[in-house]
Amino acid sequence: MVHVLSSRTLLRPTDPERSRAFYGERLGLPVYREFGTGPERGTVYFLGGGFLEVSGRASEPPSPAVALWMQVEDVTAAYEELRAKGVEITRPPVKEPWGLVEMWLADPDGTRIVLVEVPGDHPLRYRAGV
């Protein structure tokens, strides 16, 4: 078995500065570390129990099969905050049939991001008898 000590998602944006502005300033993700120099330097952001590294440069946007899932405490508050910052929301908060509240947006390269709120009574938070 592989013993994983840490993990991160790697994004290679088409415009690194634009992506750093999006993740750092507009989404407000805190920086874990930075490395290298110049426009393609790396920035690693905290993502709750993981990390997001934005570094290097890609010639094409990522596959539409790629998406980031981020759990937040209050999706409605995140919606209001992000709209005020001019972030384009592709789908406002909706309570899904499976009980999670989800909101969708995209980064500057089109990487889909879902912000998820897990209500207090949802099975992901609580299981009777356990």
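A quick note: this is a predicted structure, and the numbers were derived from the prediction, not measured. (Residues numbered from 1 in each chain as written. Predicted model: local features only at pLDDT ≥ 70, side-chain atom pairs only at ≥ 80, totals over all residues. Heavy atoms only, no water.)

### Considering the sheet that holds strand 1 (residues 9-11)
Thought 1: The sheet built from 4 strands is open, its strands ordered 1-4-3-2 with mixed pairing. Edge positions in the sheet fall to strand 1 and strand 2 (31-35), since each has one partner strand and no second. Neighbour-to-neighbour, the strand axes of this sheet turn through a mean angle of 20°, independent of strand direction.
Thought 2: Across 5 bridges, strand 3 (residues 42-47) lies against strand 4 (residues 50-54) in antiparallel orientation. (Pairing = 2+ DSSP bridges. Helix = DSSP H or I, 4+ residues; strand = E, 2+ residues; numbered from the N terminus. Axes fitted to C-alpha atoms, helices over the stretch in contact; angles between N-to-C directions.)

### Looking at helix 1 (residues 16-26)
Thought 1: Among all positions of helix 1, only Pro16, Ser19, Arg20, Phe22 and Tyr23 are buried. Taken down its axis, helix 1 places every buried residue within 160° of arc, on the same side.
Thought 2: On the buried face of helix 1, the contacting elements are strand 1, strand 3, strand 4, strand 5 (67-71), strand 7 (101-106) and strand 8 (112-117).
Thought 3: Backbone geometry just downstream of helix 1 places Gly28 in the positive-phi region, at approximately 75°. (Buried < 20%, exposed > 50% of the residue type's maximum accessible area, 1.4 Å probe, protein only. Arc of directions from axis to C-beta. Contact = heavy atoms within 4.5 Å.)

### Comments concerning the pairing of strand 5
Thought 1: Residues Leu68 and Met70 point to one face of strand 5 and are all buried, whereas Ala67, Trp69 and Gln71, pointing to the other face, are not buried.
Thought 2: Two strands pair when backbone bridges link them, and strand 5 and strand 8 are joined in this way by 5 bridges, in the parallel orientation. By the bridge assignment for strand 8, Ala67 is matched with Arg112.

### Some remarks on the sheet that holds strand 6 (residues 89-95)
Thought 1: Overall, mixed pairing links the 4 strands, which are arranged 5-8-7-6 in an open sheet. Looking along the sheet, the strands with just one partner apiece sit at the ends: strand 5 and strand 6. Geometrically, the sheet is characterised by an average inter-axis angle of 15° between neighbouring strands, direction not taken into account.
Thought 2: Of the pairings in the sheet, the one linking strand 6 to strand 7 comprises 4 bridges and is antiparallel in character. Following the sheet pairing, Ile89 is matched in strand 7 by Leu105.

### Description of the environment of Glu80
Thought 1: Its location among the elements puts Glu80 in helix 2 (residues 75-84).
Thought 2: Along the backbone, Glu80 and Pro92 are 12 residues apart, and their C-alpha atoms lie at a distance of 9.8 Å.

### Observations concerning the side chain of Thr111
Thought 1: Within the secondary structure layout, Thr111 lies in the loop between strand 7 and strand 8.
Thought 2: Judged by its relative accessible area of 1%, Thr111 falls in the buried class.
Thought 3: Setting aside residues up to four positions removed in sequence, Thr111 forms contacts with Leu11, Tyr23, Pro62, Val66, Leu68, Leu105 and Ala106.

Interpretation in functional terms is not warranted from these geometric data alone.
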